[in-house]
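Descriptive analysis of the structure
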Amino acid sequence: MLELVDEDGTTIGTAEKLAAHQAPGLLHRAFSVFLFDESGRMLLQRRALGKYHSPGVWSNTCCGHPYPGEAPFAAAARRTFEELGVSPTLLAEAGTVRYNHPDPASGLVEQEFNHLFVGLVQAEPEPDPEEIEDTAFVTAAELAERHAAAPFSAWFMTVLDAARPAVRELTGPSGGW
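Residues numbered from 1 in each chain as written. Predicted model: local features only at pLDDT ≥ 70, side-chain atom pairs only at ≥ 80, totals over all residues. Heavy atoms only, no water.

Using the following cut-off: UniProt positions are given in the numbering used here, feature names are shortened, and annotations may be inferred rather than shown by experiment.
In the annotation of an unreviewed UniProt entry, the entry for the protein reads Isopentenyl-diphosphate Delta-isomerase, and the organism field reads Streptomyces narbonensis. Within the UniProt record for the protein, the comment given under Subcellular location (unreviewed entry) is "Cytoplasm". The UniProt entry for the protein carries the following text under Pathway (unreviewed entry): "Isoprenoid biosynthesis; dimethylallyl diphosphate biosynthesis; dimethylallyl diphosphate from isopentenyl diphosphate: step 1/1."

**Some remarks on the packing of aromatic side chains**
The geometry of two aromatic rings is summed up by the distance between their centres and the angle between their planes. Note the cut-off: Note on aromatic pairs: the rings of Phe, Tyr and Trp (six-membered ring only in Trp) are paired at centre separations within 6.5 Å, and the planes decide the class, stacked below 30 degrees, edge-to-face beyond 60, tilted for the rest. Think of it this way: any DSSP run of H or I at least four residues long counts as a helix, any run of E at least two long counts as a strand, and we number them from the N terminus. When accessible area is computed with a 1.4 Å probe and restricted to protein chains, residues below 20% of their type maximum are described as buried, those above 50% as exposed, and intermediate ones as partly exposed. Charge over a ring is defined by NZ of Lys or CZ of Arg lying within 6 Å of the ring centre and within 35 degrees of the ring normal.
Counted under the stated rule, the structure contains four aromatic pairs. Relative to Phe 117, the ring of Phe 73 has its centre 5.7 Å away and its plane inclined at 75°; by these criteria the two rings are edge-to-face. Of this pair, Phe 73 sits in helix 2 (residues 72–84) while Phe 117 sits in strand 8 (residues 108–120), and the two are 44 residues apart along the sequence. For Phe 73, a relative accessible area of 37% puts it in the partly exposed group. Assessed through its relative accessible area of 2%, Phe 117 is described here as buried. A connected cluster of aromatic rings, assembled from ring pairs, spans Phe 34, Phe 152 and Phe 156. The ring of Trp 58 carries Arg 146 above its face, with NZ or CZ at 4.5 Å from the centroid.

**What to know about the UniProt feature "binding site: Mn(2+)" (unreviewed entry) in the protein**
Quick reminder of the rule: The contact criterion used is simple: two residues touch if any of their non-hydrogen atoms lie within 4.5 Å. Within 3.5 Å is the distance limit for a polar contact, defined as a pair of N or O atoms, with the added protein rule that one can donate a hydrogen and the other accept it, and that residues adjacent in sequence qualify only through two side-chain atoms.
UniProt records the feature "binding site: Mn(2+)" (unreviewed entry) for His 21, His 28, His 65, Glu 110 and Glu 112 in the present numbering. A maximum C-alpha distance of 11.9 Å among these annotated residues, which run over 92 residues, shows that they cluster at one spot. Looking at the secondary structure, you find His 21 in helix 1 (residues 17–21). Other than its neighbours up to four places away in sequence, His 21 contacts Leu 2, His 28, Tyr 52, His 53, His 65, Leu 108, Val 109, Glu 110 and Glu 112. For His 21, the side chain forms a polar contact with the side chain of His 65, separated by 3.5 Å. You can see Glu 110 is positioned in strand 8. In contact with Glu 110, not counting residues within four places along its chain, are His 21, His 28, His 53, Tyr 99, Asn 100, His 101 and Trp 155. Within the structure, Glu 110 has its side chain in polar contact with the side chain of His 53 (distance 2.6 Å).

**As for the state of the cysteines**
Where we set the bar: In plain terms, two cysteine sulfur atoms within 2.5 Å form what is called a disulfide here.
Counted under the stated rule, the structure contains zero disulfides. Left unpaired, Cys 62 is separated from the closest cysteine sulfur, that of Cys 63, by 6.3 Å. Given the relative accessible area of 0%, Cys 62 is considered buried.

**A word on the side chain of Arg 47**
Which entries qualify depends on this criterion: Residues scored as positive are Lys and Arg, those scored as negative are Asp and Glu, and His as well as the terminal groups of each chain are ignored. Salt bridge, as used here: a side-chain nitrogen of Lys or Arg that lies within 4 Å of a carboxyl oxygen of Asp or Glu.
Mapping Arg 47 onto the fold places it in strand 4 (residues 42–47). The buried charged residue Arg 47 lacks any salt bridge partner; its closest oppositely charged side chain belongs to Glu 110, at an N-O distance of 6.1 Å. From its side chain, Arg 47 meets the backbone oxygen of Ser 54 in a polar contact 3.0 Å long.

Structure below.
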């Protein structure tokens, strides 16, 4: 079950996950995590091919939905560990962003009020193969090249652009983010 919200992010009910993503989509709470190593490289994941939504595309470190009543921060930390087998050594809130992104490949819609988080990871990821096909640490320049050459999730640039101020604060001016 997902937590439905209004335009201000106030909870107004719940819906089944698939129903919330079917066109035209129901506005629901979500989160996106961007983790970086000590060199300022972003950890990307390639979603598992078996995922019903956006399979096989590259995306941010972790994203998902809090359980109804679960704090987005707690959900972000929980899912990062469940998907990647690592816990962030630092995790900080980086604002929210609201978007509506249809996924032409699946016909599903991402109609989300997304809580953003940035942080650091020091352990090597051990991805759950049911969730993640591959991972990669990339610099800002490498991300630009990869994004031009490979498919990414429909929401990736929206959440990254919204999180950039916090990413720059975390990685410093030399990171290029």
